[in-house]
Amino acid sequence: MTFSIHIGPNIRTSPFFEATVADGVRSFSVYNHMAIPGHFGDPEAEYDRLLNGVAMWDVAAQRQVQLDGPDAMALAQLLTPRHLAGTKPGQGRYVPICDHDGWLINDPVLLPLSRGCVWLSIADSDIALWAGAIARERGLDVAVSEPDVSPLAIQGPRAMDVAAALIGDWARELRYFQFRETDLDGIPLIVARSGWSKQGGVELYLRDGSRGTELWGRVKEAGAPFGIGPGAPNDIERLESGLISYGADMRRQSLPANPFEMGFGPMIDLAAGHDFIGRPALERIASAGPTRRRVGVILDGAPVPGNARPLELCRDGAAIGHVSEIAHSRRLDRNIGVGLAPAHLAEDATGLSVRLPEGDRAARLAPLPFI
Ligand code: THG
């Protein structure tokens, strides 16, 4: 079977699109209505670079939703159950977003640029529409927009060497999720210690889309002595590291989950008393107690290919939950996956299997993260 997904004018392209094509991108996915590189022809080498060297990723599809105006922080607080008291300009935070029924609809990184302007660096759902509607309906004094901002991630054990070579040694001082404005010979950037891997690194938020090719070239040049190469957010590494993928692990329309099920419970201090969308629902869910929990799963046997849709998690042949994504981990020499299981299911439960397209595969639970 060979097919392709067509990138027509309905699919947006990143400011780094031409540069990634020039560097040999071989597959794209679509995220926030934008083409995002999948791989550059050698997934094994790309995994190795992320774990042992340094990789550069076009993650412009991590769009920014800007909240601009006197009520920017008030709107941000309404959008997330996480209590935002103490949020300071320059320090990012991971902020789940729920709808009125308590279902997760996104899990962005919040970047407070100032008291009156914050960005939500979103996962794959239309938060600009959501936030704009909430702001209007609540009569808040805040403009919601999607500015011309495009992140480029530098990830891997050598990523901070590349960042220091590119923008200066001060990059090494950034704490996790901390960020700072700078420019690279006039290319306007925000530099943040963040990225969708556990290998460390930065994300450069390009603030002028006309300079994408130039920035890509600068990163490539600064990274050359460290063996940098192109890549993309890596599903195997993220499964090993236990990072959440909205759209894969949960999605409001097709795989609904609440924040307690997904492990966001410790971030949500209902006792703080703040108002936010979904509070009554989360109070009900919290007092009823959990029904499902996020689990790691190990699948026995030969390496599995990746899955295109969620798989049933079974006990004694009957479906009891689902596994959202599986992959073979070379580091662990195992097939691993993540999913949702009944809350009461013991970690050492027996009789488990995962329903693969070709048949059931014996499985057991494992704590997250795997590594
Ligand atoms: N960086 C930026 N924007 C993003 C992502 C990113 N938007 C889309 C998506 N990723 C949002 N989701 C996540 C999911 C996980 C993390 C960040 C964004 C993450 N999690 C760590 C973990 O779970 O161990 C740390 C969480 C914490 O310490 O609070 O990094 O990657 N710009």
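Further up the page is the structure itself.
About the cut-offs
Residues numbered from 1 in each chain as written. Predicted model: local features only at pLDDT ≥ 70, side-chain atom pairs only at ≥ 80, totals over all residues. Heavy atoms only, no water. Near = heavy atom within 4 Å. Polar contact = N/O pair within 3.5 Å; in protein donor to acceptor, adjacent residues only side chain to side chain. Areas by Shrake-Rupley, 256 points an atom, 1.4 Å probe, with all protein chains shown as cover. Nonpolar A, V, L, I, M, F, W, Y, C, P; charged D, E, K, R; others polar. Phe/Tyr/Trp six-rings, centres within 6.5 Å; stacked < 30°, edge-to-face > 60°. Helix = DSSP H or I, 4+ residues; strand = E, 2+ residues; numbered from the N terminus. Buried < 20%, exposed > 50% of the residue type's maximum accessible area, 1.4 Å probe, protein only. Lys NZ or Arg CZ within 6 Å of the ring centre and 35° of its normal. Pairing = 2+ DSSP bridges. Axes fitted to C-alpha atoms, helices over the stretch in contact; angles between N-to-C directions. Core = buried A, V, L, I, M, F, W, Y, C linked by side-chain atoms within 4.5 Å. Contact = heavy atoms within 4.5 Å.

Details of the site of the ligand
By nearness alone, 17 residues border the ligand, and Gln-62, Ser-121, Lys-198, Glu-203 and Tyr-205 come closest of all. Gln-62 is positioned such that a nitrogen or oxygen atom in its side chain is 3.2 Å from a nitrogen atom of the ligand. Asp-107 is positioned such that a nitrogen or oxygen atom in its backbone is 3.1 Å from a nitrogen atom of the ligand. Here the ligand loses 85% of its free accessible area of 640 Å² to cover by the protein chains. Per-class residue counts for the shell around the ligand are 11 nonpolar, three polar and three charged.

Brief notes about the packing of aromatic side chains
Two aromatic rings, taken as a pair, are described by how far apart their centres are and by the angle between their planes. Counted under the stated rule, the structure contains five aromatic pairs. When the centroid spacing of 5.5 Å and the interplanar angle of 70 degrees are considered together, the rings of Tyr-94 and Phe-264 count as edge-to-face. On the criterion of sequence distance, the pair formed by Tyr-94 in strand 5 (residues 93-94) and Phe-264 in the loop between helix 7 (235-241) and helix 8 (279-288) is long-range, its members being 170 residues apart. Where Trp-119 meets Tyr-205, the ring centres are 6.1 Å apart and the plane angle is 40 degrees; that geometry is what we call tilted. With Trp-119 in strand 9 (residues 117-121) and Tyr-205 in strand 14 (residues 201-206), this pair connects stretches of sequence that are 86 residues apart. For Tyr-205, a relative accessible area of 1% corresponds to the buried category. Its end group placed over the ring of Trp-170, Arg-180 keeps NZ or CZ at 3.9 Å from the ring centre.

With respect to the sheet that holds strand 16 (residues 292-299)
Strand order in the closed barrel formed by six strands is 16-19-18-17-20-21, with antiparallel pairing between adjacent strands. Averaged over neighbouring strand pairs, the angle between their axes works out to 40 degrees when direction is ignored. Across four bridges, the pairing between strand 16 and strand 21 (residues 359-366) is antiparallel. The residue of strand 21 that forms the bridge with Gly-296 is Ala-366.

Details of the nonpolar core
Core analysis: the largest hydrophobic core is formed by 46 residues, its most contacted members being Leu-67, Leu-79, Leu-120, Ile-127, Met-250, Met-262 and Phe-264. Elements with a minimum of two residues in this core: strand 4 (64-68), helix 3 (72-79), strand 6 (97-98), strand 7 (104-106), strand 8 (109-114), strand 9, helix 4 (127-137) and strand 13 (187-192). Looking at this core, the element that brings in the most residues is helix 3, giving six residues. For Met-262, the contacting residues outside a window of four places in its chain are Leu-104, Ile-244, Asp-249, Met-250, Ala-257, Arg-294 and Leu-340.

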